[in-house]
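Chain residues, written in single-letter form:
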Amino acid sequence: QGIVLDFPGGKVAFTPEMRFISESPVERVHCYRVLNDNGQVIMSSKFKQVSEEIAVKMYSDMVTLQTMDSVFYEAQRQGRISFYATTIGEEAINIASAAALTIDDLVFPQYREPGVLLWRGFSLQEFANQCFGNKDDYGKGRQMPIHYGSNKHNYFTVAATIATQVPHAVGAAYSLKMDRKKACVITYFGDGGTSEGDFHAALNFAAVMEVPVIFFCRNNGWAISTPTSDQFRSDGVVVKGPAYGVRSIRVDGNDTLAIYTAVHAAREMAINENRPILIEALTYRVGHHSTSDDSTKYRPVDEIEWWRSARDPVARFRKWIESNGWWCSENESELRTSVRKQMLHAIQVAEKADKPPIGELFTDVYNVPPSNLCEQEKFLRETMKRHPQDYMPDVPV
Amino acid sequence: MATIVGAATALSASKSFDSRKLHLPSRGSLSVSERKGSFLVVRSDGSVVHKAHRAQKLITNAVATKADSSAASTAPKPGHELLLFEALREGLEEEMDRDPTVCVMGEDVGHYGGSYKVTKGLATKYGDLRVLDTPIAENSFTGMGIGAAMTGLRPIVEGMNMGFLLLAFNQISNNCGMLHYTSGGQFKIPIVIRGPGGVGRQLGAEHSQRLESYFQSIPGIQMVACSTPYNAKGLMKAAIRSENPVILFEHVLLYNLKERIPDEEYVCSLEEAEMVRPGEHVTILTYSRMRYHVMQAAKTLVNKGYDPEVIDIRSLKPFDLHTIGNSVKKTHRVLIVEECMRTGGIGASLTAAITENFNDYLDAPIICLSSQDVPTPYAGTLEEWTVVQPAQIVTAVEQLCQ
């Protein structure tokens, strides 16, 4: 007893007892929560205070996100855009985490975090432009809808590949550390994304290199049709952090104040201590995976409806701001009507706008188009001129 | 900018050369950080841009390790001698001195100095953050490099062996080559991905991969292959300065080549091929290690009365069809000698490109000599025959010139 030996890796105490560490804990890691289901602060809860201004902006943005989602979803169903994925049920995650950061913090999203961009000032029109892929889209019509990107908002363009952004975030944090900037990086991914190799290596690297990055996992229970029970057998994602030497916390993903407090604290630790933090937010993906999915095929409709109404994070937060006297039902109807109107207008404008011109097919592959691409463009233009009836008239040349 | 009339459009603009600012340093000194503004942009055949052609410095030796023993007694030559891996390091070091955003990441690149010593001493000089040892996860540290590049750094990612970068294919194809385009030009990725590849000395199949054939389709990346200490240093510097992602292919067997390179700073053009030996009878296109097999065969061919023109294509993506085309128009016969596998190799693409563009100038079908479509065996005898040998090159030229 008490004998300690040095192996590579440090001192280890010996034990004569052969004991295997259990594969599952006696009790799951506890979940940090501030507001109960009725939007009341739980007695003993400690949280970061928010001003009325911030709280009302958070709530308005959550409503805007909800409304934007429903209008775009309808537009897709009407055939006006080809694809959409909603964030329903995860509005608190989106907005509260964004609110706890500054504009200098870099965001590497997966694809269910448009709310972060919304908080930072991306307009409804800018969202619509990207979804319609018109000439005003910052991505120049090159990506599917919801694959937003904006360098001026420090929001890195969404790539469809799962979890590839997680190592990118670590590289960006490495860059911030080198420049000694007082900022951090945040990257988002779902429960499914944590199965990818990139997730594990990125956490490992971040810990070894001691860089300021927040790993935010939206554990919403589903990866398309795969429930978390088929995704991993660990106690969720939070336990994976310590395995890599990363400080971690589990929070209620539908609790605006809990997320705000946790991300705020994570940011301080990341920047002041140069360390990565893992946050697992437990939530539920109320919408389908995307417009290409019908989730009623693999989960009960009443389960979906229960989470949509009884566990709605937006309603829960509204109860709290109302209890503070910062919001009332007039504000509510006014806001929803106004946002919906703005959304419909944005869609109209985006739909009417020209698509990107043909030349944009060949630019930005490199910094300057090389000769083979110039040739290919020339060939395409000649073909279009020779067969104008085969090409859509609304594509500008 | 190193351009000639009608040359392939240079993908990255280099600073223009002003000869008045160039001061030739004394023999011993290496010009590094002092001369930030002025440097030579030397074209691939050794001549200086904007001026009348100087005496051409052509590689006439088949293998550069042969010192110029006959000329040893004459006046000491300018420049300094070094090995290829040292040339790579020198280029890397000069760029790290010049630009604080240049950094290196890879396995064992730090205090260990890299498996092939390309980064030796750099961690001590620049610190272990700028020369970063990564855990073993190629896809992820390549991803890290991409994230760092998007945020203003200029990382050089080293694959310990090119073959390991197969693990990084997702990041290279889906992110590295793509994000500049899909972001509408908002985020750029000035990353360099480099490492040794090719068939070595009995390293086994997994360590003898030739990835240039797999990567050549990826839009958005450039690929170059170095073959001499001179172009290794020049291409390393050009790759680092390029705003586009560049993959620099080195060869395991060429790291110890010795050559005398200039003391003054120079950068090679990423998109240009190198004229190794001008000739009239046949155009031989090659790159990397096969250049030396070709030059060995060239000696035999010259003895037999042939006059081959040897071009080291260097730029694997895009091809320098200007230099290649001029050669084809002159000789009308083409032989491609490569180390890639036959199917889907660089030679296959090059054959297609030449046929499409210069078919009228060809007097005979293009012959392409490549490795067979087999994994590289370990046994020395078998390995030797999986790589194109000089004797085969001689036979092919004789066949072409019939």
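Residues numbered from 1 in each chain as written. Chains lettered and ligands numbered in written order. Predicted model: local features only at pLDDT ≥ 70, side-chain atom pairs only at ≥ 80, totals over all residues. Heavy atoms only, no water.

Further remarks concern the overall build of chain A. Broken down by element type, chain A carries 13 helices and nine strands. Over its C-alpha trace chain A gives a radius of gyration of 23 Å, about what one expects of a compact globule, namely 21 Å for 397 residues. For chain A, the spread of C-alpha atoms along the principal axes amounts to about 90 × 60 × 45 Å. Counting across all 397 residues of chain A, residues that qualify as buried make up 53%. Of the contacts formed within chain A by residues at least 6 apart in sequence, a portion of 72% connects residues at least 24 apart. Of the roughly 18,000 Å² of accessible surface on chain A, a fraction of 55% belongs to carbon and sulfur atoms. Here chain A carries 43 positive and 49 negative side-chain charges, and the mean point of each set is 2 Å from the other. (Helix = DSSP H or I, 4+ residues; strand = E, 2+ residues; numbered from the N terminus. Rg over C-alpha atoms; globule rule 2.2 N^0.38 Å. Buried < 20%, exposed > 50% of the residue type's maximum accessible area, 1.4 Å probe, protein only. Contact = heavy atoms within 4.5 Å. Areas by Shrake-Rupley, 256 points an atom, 1.4 Å probe, with all protein chains shown as cover. Lys, Arg positive; Asp, Glu negative; His and termini not counted. Charge placed at Lys NZ, Arg CZ, Asp CG, Glu CD.)

With that out of the way, let us pick up the interface of chain B and chain A. Taken together, the contact between chain B and chain A spans 45 residues of the former and 42 residues of the latter. Of the roughly 3,600 Å² buried where chain B meets chain A, counting both sides, 64% is carbon and sulfur surface. At the surface where chain B touches chain A, the tally comes to 17 residue pairs in polar contact (both at pLDDT 80 or more). Where the side of chain B that touches chain A is concerned, the elements lending two or more residues are β3 (102-106), α3 (138-150), α4 (169-176) and α5 (179-182) of chain B. (Buried area = accessible area lost by both parts, 1.4 Å probe. Polar contact = N/O pair within 3.5 Å; in protein donor to acceptor, adjacent residues only side chain to side chain.)

Another aspect to go through is the domain arrangement of chain B. All names here are of chain B. Here chain B is described as being made up of domain 1 (3-65 + 275-400) and domain 2 (81-261). Across the boundary between the two partners, domain 1 contributes 41 residues, which contact 43 residues of domain 2. Of the roughly 3,500 Å² buried between domain 1 and domain 2, counting both surfaces, carbon and sulfur atoms make up 54%. When the buried area of domain 1 at its contact with domain 2 is split by residue, R314, K317 and T376 rank highest and sum to 19% of it. Scanning the region where domain 1 abuts domain 2 turns up zero salt bridges. Counting across the interface, domain 1 meets domain 2 through 20 residue pairs in polar contact (both at pLDDT 80 or more). Elements with a minimum of two residues in the side of domain 1 that touches domain 2: α8 (290-303), β14 (315-317), β15 (334-341), α10 (346-358) and α11 (380-386). Taken together, the residues of the side of domain 1 that touches domain 2 sort by class into 19 nonpolar, twelve polar and ten charged. (Domains from an automatic or database assignment. Salt bridge = Lys/Arg side-chain N within 4 Å of Asp/Glu carboxyl O. Nonpolar A, V, L, I, M, F, W, Y, C, P; charged D, E, K, R; others polar.)

All names here are of chain B. Across the five residues that make up β3, a large majority, five, are buried. Both faces of β3 are covered, namely the face carrying V102, V104 and G106 and the face carrying C103 and M105. Of the pairings in the sheet, the one linking β3 to strand β5 (residues 154-158) comprises five bridges and is parallel in character. Each bridged residue has a counterpart across the sheet, and for G106 the counterpart in β5 is E158. Here β3 runs beside strand β4 (residues 131-133); their pairing, made up of three bridges, is parallel. For M105, the partnering residue across the bridge sits in β4 and is L132. (Pairing = 2+ DSSP bridges.)

Moving on, we get to the sheet that holds strand β13 (residues 308-312) of chain B. Residue and element names in this part refer to chain B. One open sheet accounts for five strands, arranged β11-β13-β12-β15-β16; its pairing is mixed. In the strand order of this sheet, the two ends are held by β11 (274-277) and β16 (367-371), each with one partner. Averaged over all neighbouring strand pairs, the angle between strand axes comes to 25°, with direction disregarded. One ladder, built from four bridges, connects β15 with β16; its direction is parallel. Paired with V337 across the bridge in β16 is L369. (Axes fitted to C-alpha atoms, helices over the stretch in contact; angles between N-to-C directions.)

Turning to the UniProt feature "domain: Dehydrogenase E1 component" (unreviewed entry) in chain A, a few remarks are in order. The UniProt entry lists residues 62-357 of chain A under the feature "domain: Dehydrogenase E1 component" (unreviewed entry), expressed in the numbering used here. Across residues 62-357 of chain A, helical content stands at 47% and strand content at 11%; the span's end C-alpha atoms are separated by 35 Å. (UniProt positions renumbered as here; feature names shortened; annotations may be inferred.)

Proteins that are soluble and globular tend to have nonpolar side chains buried together. Core analysis: the largest hydrophobic core is formed by 81 residues, its most contacted members being Y174 and F215 of chain A together with F215 and I354 of chain B. When residues of this core are sorted by domain, at least three fall in each of domain 1 (3-65 + 275-400) and domain 2 (81-261) of chain B. The contact partners of I354 of chain B, leaving out residues within four places of it in the chain, are L285, I324, V328, V334, N359, L362 and I366 of chain B. Residues I95, A100, L118 and C131 of chain A belong to the second largest nonpolar core, which totals 72 residues. (Core = buried A, V, L, I, M, F, W, Y, C linked by side-chain atoms within 4.5 Å.)

Time to look at the UniProt feature "domain: Transketolase-like pyrimidine-binding" (unreviewed entry) in chain B. Those residues carrying the UniProt feature "domain: Transketolase-like pyrimidine-binding" (unreviewed entry) are residues 82-257 of chain B in this numbering. Across residues 82-257 of chain B one finds 35% helix and 18% strand; the C-alpha atoms that close the span lie 8 Å apart.

Glancing now at the sheet that holds strand β8 (residues 247-252) of chain A. Residues and elements named next belong to chain A. Taken together, five strands build an open sheet; the order of strands is β3-β4-β5-β9-β8 and the sheet is parallel. One side of each edge strand has no neighbouring strand; the edge strands of this open sheet are β3 (106-108) and β8. When strand polarity is set aside, the average angle formed by the axes of neighbouring strands in this sheet is 20°.

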